[in-house]
Amino acid sequence: MSPIISIDNLCKSYGDASALRGISFEVEVSELTAIIGPSGCGKSTLLRCLNGLELFDSGRVRIGEITLDLDNGLSHRDFNARLRRLREEVGMVFQSFNLFPHLTALENAMLAPMAVKKVDRRKAESTARELLAKVGLSDRLDYYPSQLSGGQQQRAAIARALAMEPKVMLYDEPTSALDPSLVGEVLSIMRKLDDEGMTQVVVTHEMRFAREVADKILMLADGELIESGSPDVIFSSPRDERTRNFLQRYL
Amino acid sequence: MIETLARERGREHRAWGGAQRNPRKSAPEIIRACEAGDRDVANTSCDEGQTNELIATNCRPLRGLDRLYRNQFLGFRCAPPQALCRRLLRRLDRLYRNQFLGFRCAPPQALCRRLLRRLKTGWTLKLALLFFALLCLALPAEAQSRDQQLRWGGDAEGGAPYLLPNPKNPREIIGFEIDLMNAIGKDLNRKSFFVQNQWDGLIPGLQRGNYDLAVNGIEITDDRKQQVNFSIPYYVCGEQISVRAGENSINSLADLKGKVVGTLKGSLAQRILEREGGIEVRSYENQNNAYDDLALGRLQAVLMDWPIAVYYSKPNPKLKFIGPSIERMEYGIAVRKEDAELLNQVNDALLALIKSGELRRIYEKWGIWNGETDQLFAKISAASQPGQVYEEFTQNITKKLTWRERLERYKSYLPPLLLIGAPMTLLISLLGMAVAIVIGLAVALVYLYAPRPASWLARGYVELFRGTPLLIQLYLIFYGLPNIGIRLSPLVAAVVGLGLNYGAYEAENYRAGIEAIPRGQMEAALSLGMTRAQSLRHVIVPQAMRLVIPPVTNDFIALFKDSSIVSVITMVELTKVYGQLASTYYDYIGAGVLTAAIYFLMGLPFVRLARWVEKRLATDKRVIVTAKRRWFGVGAKPVEG
């Protein structure tokens, strides 16, 4: 079976500063891939390139059957349409949650299916209820984001992303904005999704989580993929000097 | 250092394990743990539900206040209608979240189809229908029977004896010109119908077809003859000099040199004074103000049409007439150049009225029969005796009133102010604001998201309409647009004018509101697969709408008061009714205070409504709670994020 995500020689620079220098990797279906690395190494940029929130300068991103590359001769309009199709298949969870503050948790999870997929209200609501129950928020359906704790907000955000029935979930430092005591509840949801066979890519600083749950670790430094492999290999016998230094600071 | 790290890791481990939590502890126990500083116990044993329960217990007094507050609507505690309003608001909220105010780049057919589909249950259409119904309601009901009517324009603010609201029943307009036109109407077998129009705009109003005749002391001059045709003169008079009673140095027109002299703007008197030269001319909009200033010593003389002087200067013991009236002018009925047949009919009717003596009886009733007119009518007559209406009117403005009478009079102001003025002001303001909000939102979105040329256009619109006076915009819309074939009714012109002007301000409000929404919101919406338009419609605009409620309310109140300007395009609204009352009763203070109070009281509910809506729709409930706590000086622990 072919990998569900394949990234080919991805490059991205902001002016003179290059953020990503030719990154290539693949993700198999239902794998959990953790991207680690020191601050400013391009982890978030890489993740945002995967669903087109950042546009890369060269290279190719393929997720499922949809390929994004820049020299494809597509019109602006067609490119945008393809971008949207890609985003429908990819759920994204942000560091700062970005829940819609004017909607309740339930409405947050209902909006996108109704607006994008034209699911009717009743069906969207029942799906949203199910998903919120799954992330342990069935007693918080009618709460507004400002009435929820950070952990609850992040769980609601995960439910919102799941409501679009994505094939792949991306997490951009999902626990970095959380009080340490609330980290666990979010990670346990991701663990549960992993058990159910969801393909997930996580940018994280939670080394313990990465070690225990991830199927594959990607170590980024200075915009390059310096090491990748199973957690056991990376954590116990890192080859690169920078990886060793980095891990030492965290463990 | 190592110790803390170990503790951290230990906790993380427990958290990941999930199942290995300590047995649950009750809320008081956790509070004690918290107070004792034992964070580990609190952290590990308290899940989200409990945390919230904890907060809820602590927040109980606050909840009570909150409920109390919410049960108020517009300051009244009234549960059932309040519940109704809340439901309505929830509907409205859902409405604009899902179906309204968002633009969708659909072809017109699809848009129509969607509109039609919503016909059964749709709110968009219902709103549109409501809007339309309001508009229809406001259009003059007499429109149907226009052909039979003899429609003529005049300005009831001009005052006695021409046209004025009846002091006994201010909703009725009286004046010798009303009597004249009723007589002509009778002769022509058509019902005379008076149309209120600003005096300056009488001829333009005639030309754009608001009415078929203009009658309001319009002097027949060569200038005007180039624009319109005039009937045979129906009245002749001169200009009368008035001075203070103790003044002895002025005995003729020649003595006015070097003096400060007041007159009415654009009248024959003004031209005489300017021709004379060496006179400092002050031109007034209103005769009362001129005679007031004369009595107060700000002017040394006033020169005005004789009938006006008879009504406003002669009864005043502080003032006296000097000499006979100067020069001679003829009032004529103005008719459009193309209406030759109507002109003939009016002339025939006038001749008949002159021959039968009917016209003289009217003038005598009003006490303005004079030698010049006598000569014109080629009839010999003795000096006029003051008529009955004249007596009543002069009594009315000179009499000292007791408190009781004064109260009675103020009470008589209320029907015209409340029944004619206030509803029109309210209607114009509401419709104007609705237009402004729609325009503002559209312009703000184009400004922010459309490609360059369109964005520049939106910016140009804002600068243009914000940077030019509303008064001139209204003039251009009402009197200017007919030149290129667009004829708007006064109400539509007023609503469009106010809407366009305030739309520019609203656009800036919305732009600020939209720009204040964090970037992450758009990113989150896009990452869910929404298009940019969908993101704006469902995520950005609803949030921005909430943010801009205070400045938009501000603008609504400003618009509410600015709506008084539309009287220049012949709308009779609150301020115009005030002007009519004030000049009839010669009472600027009483009527003024009353009118200001009505404006204030009408604006108040909207302010309260806006605050209420703002609270209801607040996205960050927590902030509101905190604010309330500060307000009442009581409180509870804030919710920990």
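Residues numbered from 1 in each chain as written. Chains lettered and ligands numbered in written order. Predicted model: local features only at pLDDT ≥ 70, side-chain atom pairs only at ≥ 80, totals over all residues. Heavy atoms only, no water.

Scanning chain B from N- to C-terminus turns up 28 helices and 14 strands. Within the span of chain B, comprising 641 residues, buried residues form 48% of the whole. When contacts within chain B are restricted to residue pairs at least 6 apart in sequence, those whose partners lie at least 24 apart make up 71%. Approximately 32,000 Å² of chain B is accessible, and the part contributed by carbon and sulfur atoms is 58%. (Helix = DSSP H or I, 4+ residues; strand = E, 2+ residues; numbered from the N terminus. Buried < 20%, exposed > 50% of the residue type's maximum accessible area, 1.4 Å probe, protein only. Contact = heavy atoms within 4.5 Å. Areas by Shrake-Rupley, 256 points an atom, 1.4 Å probe, with all protein chains shown as cover.)

All right, on to the overall build of chain A then. Looking only at helices and strands, chain A has nine helices and 10 strands in total. A buried classification covers 59% of the 251 residues belonging to chain A. Carbon and sulfur atoms make up 43% of the accessible area of chain A, which totals about 10,000 Å².

Residues and elements named next belong to chain B. Spatial ordering of the open sheet is given by 11-10-12-9-13, a layout of five strands whose pairing is mixed. The outermost strands of the open sheet, each flanked by one partner alone, are strand 11 (280-284) and strand 13 (319-331). For this sheet, the mean angle separating the axes of adjacent strands, direction not counted, is 25°. With eight bridges connecting them, strand 9 (residues 235-244) and strand 13 associate as antiparallel partners. By the bridge assignment, Val243 is partnered in strand 13 with Lys320. Contacting strand 9, strand 10 (260-264), strand 11, strand 12 (301-305) and strand 13, helix 13 (residues 287-296) runs over the sheet at an angle of about 155° to strand 12. (Pairing = 2+ DSSP bridges. Axes fitted to C-alpha atoms, helices over the stretch in contact; angles between N-to-C directions.)

Along its length, helix 24 (residues 532-547) of chain B shows its largest kink, about 40°, at Ile540 of chain B, and proline Pro542 of chain B lies within four residues downstream of that point. For helix 24 of chain B, the buried fraction is high: 13 of the 16 residues fall into the buried class. (Bend = angle between axes of the 7 residues up to and from the residue.)

The subject of this paragraph is a nonpolar patch on the surface. Residues and elements named next belong to chain B. There is a patch of nonpolar side chains on the surface, built from Leu471, Ile472, Tyr475 and Leu476 and spanning about 350 Å² of accessible area. Looking at the secondary structure, you find Leu476 in helix 21 (residues 470-480). The exposed category is assigned to Leu476, whose relative accessible area is 53%. (Patch = residues over 30% accessible without salt bridge, like charges linked within 9 Å, V, L, I, M, F, W, Y side chains within 5 Å. Salt bridge = Lys/Arg side-chain N within 4 Å of Asp/Glu carboxyl O.)

Residues and elements named next belong to chain A. Judged by pairing direction, the sheet is mixed, and its six strands sit side by side in the order 6-7-8-3-9-10 without closing on themselves. Each edge of the open sheet is held by one strand with a lone partner, namely strand 6 (90-93) and strand 10 (224-229). Neighbour-to-neighbour, the strand axes of the sheet open up by a mean angle of 15°, direction not taken into account. Inspection of the sheet shows strand 6 paired to strand 7 (residues 168-172) by four bridges, in the parallel sense. Directly across from Val93, in strand 7, lies its bridge partner Tyr171.

Further remarks concern the packing of aromatic side chains. Ring pairs (aromatic) are described by centroid distance and by the angle formed between their planes. Throughout the structure, instances matching the rule amount to 16 aromatic pairs over all chains. Considering the side-chain rings of Phe560 of chain B and Tyr599 of chain B, the 5.9 Å spacing of their centres and the 85° angle between planes classify their relative orientation as edge-to-face. Remark: Tyr599 of chain B occurs in helix 27 (residues 588-617) and Phe560 of chain B occurs in helix 25 (residues 549-562); sequence separation between them is 39 residues. Put simply, the rings of Tyr162, Phe176, Tyr234, Tyr235, Tyr331 and Tyr363 of chain B pair up and form one aromatic cluster. Between Arg140 of chain A and the ring centre of Tyr143 of chain A, over which it is positioned, the NZ or CZ distance is 4.7 Å. Above the face of the Phe478 of chain B ring, Arg208 of chain B is positioned so that its terminal group lies 3.7 Å from the ring centre. (Phe/Tyr/Trp six-rings, centres within 6.5 Å; stacked < 30°, edge-to-face > 60°. Lys NZ or Arg CZ within 6 Å of the ring centre and 35° of its normal.)

A few words now on the pairing of strand 7 of chain A. Residues and elements named next belong to chain A. With five of five residues buried, strand 7 is to be regarded as a mostly interior element. The pairing of strand 7 with strand 8 (residues 199-203) spans five bridges and is parallel. Paired with Leu170 across the bridge in strand 8 is Val201. Regarding topology, helix 6 (residues 180-195) serves as the crossover connection from strand 7 to the parallel strand 8, and that connection is right-handed. (Right-handed = clockwise from strand over helix to strand, strands pointing away.)

All names here are of chain B. Averaged over chain B, the pLDDT score is 76; the fraction of residues at 70 or greater is 71%. Within the model, pLDDT remains below 50 along residues 95-109, and this stretch shows 36 contacts once partners closer than five positions in the same chain are excluded. Segment residues 140-145 is flagged for pLDDT under 50; beyond a separation of four residues in sequence, or across chains, it makes three contacts in the model. (pLDDT = per-residue confidence, 0-100.)

The next subject is the pattern of salt bridges. By the definition in use, this model includes 32 salt bridges over all chains. Two residues, Lys576 of chain B and Asp155 of chain B, come together in a salt bridge whose shortest N-O distance is 3.4 Å. Here Asp155 of chain B lies in the loop between strand 3 (149-154) and strand 4 (164-166) and Lys576 of chain B lies in helix 26 (residues 574-585), a separation of 421 residues in the sequence. We note that Lys576 of chain B, like Asp155 of chain B, is buried. With a shortest N-O distance of 3.8 Å, Glu515 of chain B and Arg511 of chain B are connected by a salt bridge. Linking Glu515 of chain B with Arg511 of chain B, this pair stays in helix 22 (residues 490-515), spanning four residues, or about one helical turn. Sharing partners across several salt bridges, the network here consists of Lys12, Arg48 and Glu54 of chain A together with Arg519 and Glu523 of chain B.

Residue and element names in this part refer to chain A. Within strand 3 (residues 32-36), five of the five residues are buried, leaving the element largely enclosed by the surrounding structure. Burial along strand 3 is two-sided: the face carrying Leu32, Ala34 and Ile36 and the face carrying Thr33 and Ile35 are both buried. Across four bridges, the pairing between strand 3 and strand 8 is parallel. By the bridge assignment, Ala34 is partnered in strand 8 with Val202.

Core analysis: the largest hydrophobic core is formed by 94 residues, its most contacted members being Leu10 and Phe100 of chain A together with Ile569 of chain B. Tallying contributions element by element places helix 19 (residues 403-449) of chain B first for this core, with 12 residues. Not counting residues up to four positions away in its chain, the partners in contact with Leu10 of chain A are Leu20, Arg21, Gly22, Ile23, Leu46, Cys49, Phe56, Ser58, Gly59, Arg60 and Val61 of chain A. By size, the runner-up hydrophobic cluster in this structure holds 70 residues, among which are Val215, Ile279, Leu359 and Trp366 of chain B. (Core = buried A, V, L, I, M, F, W, Y, C linked by side-chain atoms within 4.5 Å.)

Residue and element names in this part refer to chain B. Mapped onto the elements of the fold, Val243 is located in strand 9. In the structure, Val243 is positioned 78 residues away from Phe321 in sequence and 6.5 Å away in space, judged by C-alpha atoms. Sequence-distant contacts of Val243, that is, excluding residues within four places in its chain, are made with Ile250, Leu294, Gln300, Ala301, Lys318, Leu319, Lys320 and Ile322.

All names here are of chain A. For the pair helix 3 (residues 105-116) and helix 4 (residues 121-134), interaxial distance at closest approach is 8 Å and the crossing angle is 130°. Viewed along their axes, helix 3 and helix 4 adopt a mutual orientation that is oblique. In this structure, helix 3 meets helix 4 at a crossing whose hand is right-handed. Taken together, the residues of helix 4 that come into contact with helix 3 (itself represented by Ala105, Leu106, Ala109, Met110 and Met114) are Arg121, Ala124, Glu125, Ala128, Arg129 and Leu132. Here the contact of helix 3 with helix 4 is built from residues that sort into eight nonpolar, no polar and three charged. (Parallel < 35°, antiparallel > 145°, perpendicular 65-115°, else oblique. Left-handed = near helix turned anticlockwise from the far one by under 90°. Nonpolar A, V, L, I, M, F, W, Y, C, P; charged D, E, K, R; others polar.)

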